[in-house]
Amino acid sequence: GSLWSMLDVSFGSCGARHGEDGGDGLPLLFHGQAGYERNLEGYEWGHPIRYTRYELVPDTGGPGRWRGGAGLVKGIEFLTDTVITVRATDRFERTPPGIRGGGKGTGAGWIVNEGTPNEYSLAGKVTNHRLRAGDILTMRCPGGGGLGDPLERDPVLVLRDVEDGIVSPEAARAIYGVVLAEDGRAIDIPATEACRHG
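Scoring rules and cut-offs
Residues numbered from 1 in each chain as written. Predicted model: local features only at pLDDT ≥ 70, side-chain atom pairs only at ≥ 80, totals over all residues. Heavy atoms only, no water. Helix = DSSP H or I, 4+ residues; strand = E, 2+ residues; numbered from the N terminus. Buried < 20%, exposed > 50% of the residue type's maximum accessible area, 1.4 Å probe, protein only. Contact = heavy atoms within 4.5 Å. Polar contact = N/O pair within 3.5 Å; in protein donor to acceptor, adjacent residues only side chain to side chain. Pairing = 2+ DSSP bridges.

### Some thoughts on the environment of Gly-15
Moving on, step 1. By the element assignment, Gly-15 lies in the segment before α1 (40-46).
Moving on, step 2. A relative accessible area of 25% places Gly-15 in the partly exposed class.
Moving on, step 3. Spatially, the C-alpha atoms of Gly-15 and Gly-105 are 8.1 Å apart, while their sequence positions differ by 90 residues.
Moving on, step 4. Those residues in contact with Gly-15 that lie beyond four places of it in its chain are Gly-22, Gly-68, Gly-144 and Gly-145.

Structural data, given as structure tokens:
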């Protein structure tokens, strides 16, 4: 019955830069640094909340010779009635652009009770929005923009992205022109050459 407050900071992922992919789930401000994300269990221990999701989302980083960082999705279930404030999210609908032929990253959004009949999205700036115990807030953070032509990306890097769940096999073929073997563990080199140059 006591008052409580917490701050969950959610940033978009870093865009690609020459010679390197963007950091997956990692913003430009903290690129290359440890300690950006807090301990989720610590949040749960100290507050009446439960994290229901915390994962990178496939195909959210802008495609390119150098891929933008994959976007992150987080879900928080509130175990008591609560009031939230959403700030600095008014640019969610403006997707991070790619450069020099690279594709854009995905947009973002804050969704309450996603996938249920009670689903609705929050505006970019909301103050004192009331949620009930059991409501789940899904925070979709943007993926970064890509750099360069996706068809110039090293097929080995595309295979690694598929294995890591960052790029789907469908996007590997349709966007990067990389065809995988039936088991998804190797590159079909002749089919990839035909897809890219045929």
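### Section: the side chain of Thr-60
Moving on, step 1. By the element assignment, Thr-60 lies in the loop between β1 (49-56) and β2 (72-78).
Moving on, step 2. For Thr-60, a relative accessible area of 9% translates into the label buried.
Moving on, step 3. Of the polar contacts made by the side chain of Thr-60, one reaches the backbone nitrogen of Gly-71; its length is 2.7 Å.

### Brief notes about helix α2 (residues 155-163)
Moving on, step 1. Listing the buried residues of α2 in full gives Leu-157, Val-158, Leu-159, Asp-161 and Val-162.
Moving on, step 2. In the core, the buried residues of α2 are packed alongside α3 (169-174).
Moving on, step 3. Structurally, the start of α2 carries an N-cap: the backbone nitrogen of Val-156 is 2.9 Å from a side-chain oxygen of Asp-154.
Moving on, step 4. Backbone geometry just downstream of α2 places Gly-165 in the positive-phi region, at approximately 80 degrees.

### A closer look at the pairing of strand β7 (residues 136-140)
Moving on, step 1. Sheet analysis places β2 next to β7, joined by 5 bridges and oriented antiparallel. Directly across from Val-73, in β7, lies its bridge partner Arg-140.
Moving on, step 2. Pairing between strand β4 (residues 109-112) and β7: 4 bridges, direction antiparallel. Looking across to β7, one finds that Val-112 is bridged to Leu-137.

### A closer look at the sheet that holds β2
Moving on, step 1. Across the sheet, 5 strands lie side by side as β1-β2-β7-β4-β5; this open sheet has antiparallel pairing. Each of the sheet's edge strands pairs with one partner strand only, and the pair in question is β1 and β5 (120-121).
Moving on, step 2. Where β1 meets β2, 7 bridges bridge the pair, whose relative direction is antiparallel. Residue pairing across strands places Tyr-54 opposite Lys-74, the latter belonging to β2.

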